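Examination of the molecular architecture
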Amino acid sequence: MNTYCPDCHRRDFIQRSLLGSAAFFTSAGAFAEALTLTPTQTEGPFYPDKLPLDTDNDLIVITDSITPAVGEITHLHGRVLDLKGKPLRNTLVEIWQCDANGNYLHSRGRNGTKGGWDKNFQGYGRFMTDTKGRYYFRTIKPVAYVGRTPHIHVMVTKGRDHLLTTQLYINGEKQNDRDFLFNRVKDPKQSAAIVADFVPLKDSKTGELTAKWDIVVGLTPEDAS
(Lines give C-alpha, C1' and ligand atoms only; values in the text may rest on other atoms or scores of the structure.)
Protein backbone atom coordinates (compact mmCIF):
# COMPACT_ATOMS: atom_id res chain seq x y z
CA MET A 1 0.00 0.00 0.00
CA ASN A 2 1.32 3.46 -0.92
CA THR A 3 1.85 5.88 1.95
CA TYR A 4 1.26 9.59 1.34
CA CYS A 5 4.31 11.69 2.24
CA PRO A 6 3.52 15.43 2.65
CA ASP A 7 7.19 16.39 2.76
CA CYS A 8 7.90 14.34 -0.36
CA HIS A 9 4.97 16.05 -2.08
CA ARG A 10 6.29 19.50 -1.21
CA ARG A 11 9.83 18.68 -2.31
CA ASP A 12 8.57 17.26 -5.57
CA PHE A 13 6.44 20.35 -6.20
CA ILE A 14 9.31 22.75 -5.51
CA GLN A 15 11.58 20.82 -7.85
CA ARG A 16 8.93 20.83 -10.56
CA SER A 17 8.22 24.53 -10.20
CA LEU A 18 11.86 25.58 -10.28
CA LEU A 19 13.29 23.01 -12.70
CA GLY A 20 10.76 20.84 -14.47
CA SER A 21 8.52 23.73 -15.49
CA ALA A 22 11.15 24.91 -17.95
CA ALA A 23 9.37 22.87 -20.61
CA PHE A 24 6.39 25.19 -20.32
CA PHE A 25 8.27 28.26 -21.59
CA THR A 26 9.17 29.48 -25.02
CA SER A 27 12.78 30.25 -25.83
CA ALA A 28 14.25 33.73 -25.35
CA GLY A 29 14.68 36.06 -28.29
CA ALA A 30 11.42 35.11 -29.98
CA PHE A 31 10.23 38.70 -30.21
CA ALA A 32 11.16 40.72 -33.29
CA GLU A 33 9.23 43.86 -32.37
CA ALA A 34 7.58 45.60 -29.44
CA LEU A 35 5.00 43.54 -27.63
CA THR A 36 1.53 44.57 -26.52
CA LEU A 37 1.55 46.13 -23.07
CA THR A 38 -0.52 44.17 -20.54
CA PRO A 39 -3.29 46.61 -19.59
CA THR A 40 -3.80 47.78 -16.05
CA GLN A 41 -6.96 46.72 -14.23
CA THR A 42 -8.31 47.54 -10.80
CA GLU A 43 -6.89 45.79 -7.75
CA GLY A 44 -10.41 45.25 -6.47
CA PRO A 45 -11.49 45.30 -2.83
CA PHE A 46 -10.32 41.82 -1.84
CA TYR A 47 -6.53 41.81 -1.77
CA PRO A 48 -6.02 39.81 1.45
CA ASP A 49 -6.36 42.08 4.50
CA LYS A 50 -4.41 39.42 6.40
CA LEU A 51 -1.90 37.37 4.46
CA PRO A 52 -1.89 33.59 5.05
CA LEU A 53 1.04 32.03 6.89
CA ASP A 54 1.85 30.10 3.73
CA THR A 55 2.46 32.48 0.81
CA ASP A 56 4.33 30.24 -1.64
CA ASN A 57 3.37 29.51 -5.25
CA ASP A 58 1.38 26.35 -4.46
CA LEU A 59 -2.15 27.51 -3.62
CA ILE A 60 -3.55 23.98 -3.71
CA VAL A 61 -1.86 22.57 -0.61
CA ILE A 62 -1.25 24.61 2.56
CA THR A 63 1.98 23.86 4.48
CA ASP A 64 2.07 20.08 5.11
CA SER A 65 -1.65 19.41 4.67
CA ILE A 66 -2.62 16.22 2.84
CA THR A 67 -5.98 17.59 1.67
CA PRO A 68 -5.93 19.65 -1.55
CA ALA A 69 -8.20 22.57 -2.35
CA VAL A 70 -11.46 22.04 -4.23
CA GLY A 71 -11.32 23.01 -7.90
CA GLU A 72 -9.67 22.24 -11.23
CA ILE A 73 -5.94 22.22 -10.57
CA THR A 74 -4.21 24.63 -12.93
CA HIS A 75 -0.52 25.22 -13.62
CA LEU A 76 -0.26 28.95 -14.38
CA HIS A 77 3.08 29.95 -15.87
CA GLY A 78 4.77 32.43 -18.16
CA ARG A 79 7.31 35.22 -18.16
CA VAL A 80 7.47 38.86 -17.12
CA LEU A 81 8.88 40.89 -20.03
CA ASP A 82 9.53 44.47 -21.05
CA LEU A 83 8.11 45.89 -24.27
CA LYS A 84 11.08 44.62 -26.29
CA GLY A 85 10.73 41.08 -24.95
CA LYS A 86 13.58 41.27 -22.45
CA PRO A 87 12.83 39.05 -19.41
CA LEU A 88 12.67 40.73 -16.02
CA ARG A 89 14.44 38.73 -13.32
CA ASN A 90 13.96 39.09 -9.57
CA THR A 91 10.49 40.49 -10.13
CA LEU A 92 7.74 39.64 -7.67
CA VAL A 93 4.50 38.26 -9.08
CA GLU A 94 1.55 38.03 -6.67
CA ILE A 95 -1.80 36.40 -7.41
CA TRP A 96 -5.02 36.17 -5.43
CA GLN A 97 -8.42 34.78 -6.33
CA CYS A 98 -11.63 33.41 -4.88
CA ASP A 99 -12.01 29.77 -3.90
CA ALA A 100 -14.31 27.33 -5.71
CA ASN A 101 -17.27 28.75 -3.77
CA GLY A 102 -16.60 32.36 -4.76
CA ASN A 103 -15.02 33.37 -1.44
CA TYR A 104 -11.94 35.58 -1.09
CA LEU A 105 -9.31 35.44 1.62
CA HIS A 106 -10.62 38.71 3.03
CA SER A 107 -12.80 39.66 6.00
CA ARG A 108 -15.44 41.07 3.61
CA GLY A 109 -14.90 38.64 0.77
CA ARG A 110 -17.31 35.87 1.68
CA ASN A 111 -20.02 34.69 -0.68
CA GLY A 112 -23.05 33.99 1.51
CA THR A 113 -24.97 32.15 -1.21
CA LYS A 114 -22.56 29.21 -1.32
CA GLY A 115 -20.44 27.26 1.13
CA GLY A 116 -17.90 28.74 3.49
CA TRP A 117 -14.25 29.42 2.76
CA ASP A 118 -12.29 26.41 1.53
CA LYS A 119 -9.76 26.07 4.36
CA ASN A 120 -7.51 24.02 2.07
CA PHE A 121 -7.17 26.80 -0.52
CA GLN A 122 -4.39 29.29 0.08
CA GLY A 123 -6.14 32.08 -1.84
CA TYR A 124 -2.93 34.06 -2.35
CA GLY A 125 0.57 33.27 -3.59
CA ARG A 126 3.79 34.91 -4.67
CA PHE A 127 6.75 34.00 -6.84
CA MET A 128 10.04 35.74 -7.67
CA THR A 129 10.93 35.42 -11.34
CA ASP A 130 14.13 33.61 -12.28
CA THR A 131 16.93 34.81 -14.56
CA LYS A 132 14.72 34.20 -17.59
CA GLY A 133 11.80 36.14 -16.16
CA ARG A 134 9.77 33.00 -15.53
CA TYR A 135 7.07 32.57 -12.91
CA TYR A 136 4.98 29.56 -11.93
CA PHE A 137 1.90 28.92 -9.75
CA ARG A 138 -0.20 25.88 -9.01
CA THR A 139 -3.72 27.04 -8.31
CA ILE A 140 -7.32 26.36 -9.37
CA LYS A 141 -9.08 27.44 -12.52
CA PRO A 142 -10.90 30.66 -11.57
CA VAL A 143 -14.67 30.52 -11.10
CA ALA A 144 -17.41 33.08 -11.54
CA TYR A 145 -19.34 34.72 -8.73
CA VAL A 146 -22.25 37.17 -8.73
CA GLY A 147 -21.36 40.11 -10.93
CA ARG A 148 -17.99 38.86 -12.20
CA THR A 149 -16.63 36.53 -14.82
CA PRO A 150 -13.88 34.10 -13.71
CA HIS A 151 -10.58 35.90 -13.14
CA ILE A 152 -7.30 35.92 -11.21
CA HIS A 153 -5.89 39.12 -9.73
CA VAL A 154 -2.22 39.82 -10.47
CA MET A 155 0.28 42.35 -9.15
CA VAL A 156 3.86 42.78 -10.34
CA THR A 157 6.56 44.68 -8.44
CA LYS A 158 10.32 45.01 -8.77
CA GLY A 159 12.06 46.13 -5.61
CA ARG A 160 10.06 49.12 -4.38
CA ASP A 161 8.60 49.84 -7.81
CA HIS A 162 5.02 48.87 -8.58
CA LEU A 163 4.94 47.78 -12.22
CA LEU A 164 1.43 46.50 -12.83
CA THR A 165 -1.87 45.49 -11.31
CA THR A 166 -4.21 43.61 -13.61
CA GLN A 167 -6.57 40.64 -13.90
CA LEU A 168 -6.28 37.45 -15.94
CA TYR A 169 -9.32 35.96 -17.66
CA ILE A 170 -10.18 32.67 -19.37
CA ASN A 171 -10.01 32.88 -23.15
CA GLY A 172 -13.38 32.05 -24.70
CA GLU A 173 -15.34 32.33 -21.43
CA LYS A 174 -18.86 33.44 -22.39
CA GLN A 175 -19.29 35.57 -19.28
CA ASN A 176 -16.40 37.80 -20.38
CA ASP A 177 -18.78 39.51 -22.82
CA ARG A 178 -20.94 40.70 -19.91
CA ASP A 179 -18.18 41.58 -17.44
CA PHE A 180 -17.94 45.35 -16.86
CA LEU A 181 -14.22 45.31 -16.05
CA PHE A 182 -13.16 43.06 -18.88
CA ASN A 183 -15.09 45.25 -21.32
CA ARG A 184 -13.34 48.41 -20.20
CA VAL A 185 -10.41 47.25 -22.35
CA LYS A 186 -11.46 48.33 -25.84
CA ASP A 187 -8.35 47.60 -27.86
CA PRO A 188 -8.49 44.01 -29.23
CA LYS A 189 -4.73 43.50 -28.78
CA GLN A 190 -4.91 44.58 -25.17
CA SER A 191 -7.98 42.41 -24.56
CA ALA A 192 -5.99 39.48 -25.91
CA ALA A 193 -3.18 40.37 -23.48
CA ILE A 194 -5.34 39.64 -20.41
CA VAL A 195 -6.70 36.24 -21.42
CA ALA A 196 -5.12 32.80 -21.43
CA ASP A 197 -6.13 29.39 -22.71
CA PHE A 198 -6.79 26.95 -19.88
CA VAL A 199 -6.11 23.61 -21.56
CA PRO A 200 -5.64 20.01 -20.39
CA LEU A 201 -2.17 19.24 -19.07
CA LYS A 202 -0.57 16.55 -21.22
CA ASP A 203 -0.43 13.12 -19.58
CA SER A 204 -2.31 14.30 -16.47
CA LYS A 205 -4.38 11.47 -15.02
CA THR A 206 -6.38 13.80 -12.75
CA GLY A 207 -7.69 16.34 -15.25
CA GLU A 208 -5.18 19.08 -14.44
CA LEU A 209 -4.98 22.16 -16.64
CA THR A 210 -2.20 24.44 -17.81
CA ALA A 211 -2.36 28.13 -18.71
CA LYS A 212 0.55 30.03 -20.25
CA TRP A 213 0.44 33.83 -19.92
CA ASP A 214 3.25 36.31 -20.47
CA ILE A 215 3.05 39.64 -18.63
CA VAL A 216 4.42 42.67 -20.47
CA VAL A 217 5.23 45.80 -18.49
CA GLY A 218 6.22 49.23 -19.77
CA LEU A 219 9.89 49.33 -18.87
CA THR A 220 12.86 50.47 -20.90
CA PRO A 221 15.82 48.07 -21.23
CA GLU A 222 17.71 50.24 -18.73
CA ASP A 223 14.89 49.93 -16.18
CA ALA A 224 14.75 46.17 -16.66
CA SER A 225 18.35 45.48 -15.71
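See the structure printed just above.
Below you will find a few notes about this structure. (Residues numbered from 1 in each chain as written. Predicted model: local features only at pLDDT ≥ 70, side-chain atom pairs only at ≥ 80, totals over all residues. Heavy atoms only, no water.)

This brings us to the overall build of the protein. When you go through the protein residue by residue, the secondary structure sums to 3 helices and 10 strands. Counting from the amino terminus, helix and strand elements in the protein follow one another as α-β-β-β-β-β-β-α-β-β-β-β-α. Counting across all 225 residues of the protein, residues that qualify as buried make up 49%. Sequence-distant contacts, at least 24 apart, represent 75% of the contacts inside the protein between residues at least 6 apart. Working note: accessible area of the protein is about 11,800 Å², and carbon and sulfur atoms make up 54% of it. (Helix = DSSP H or I, 4+ residues; strand = E, 2+ residues; numbered from the N terminus. Buried < 20%, exposed > 50% of the residue type's maximum accessible area, 1.4 Å probe, protein only. Contact = heavy atoms within 4.5 Å. Areas by Shrake-Rupley, 256 points an atom, 1.4 Å probe, with all protein chains shown as cover.)

Moving on, we get to the side chain of His-151. Take His-151: it is sitting in strand E5 (residues 151-158). Polar contacts involving the side chain of His-151 include one to the side chain of Tyr-104, which spans 3.1 Å. A distance of 3.4 Å separates the side chain of His-151 from the side chain of Arg-148, its partner in a polar contact. Apart from the residues within four sequence positions on either side, His-151 is in contact with Gln-97, Tyr-104, Pro-142, Tyr-145, Gln-167, Leu-168 and Tyr-169. (Polar contact = N/O pair within 3.5 Å; in protein donor to acceptor, adjacent residues only side chain to side chain.)

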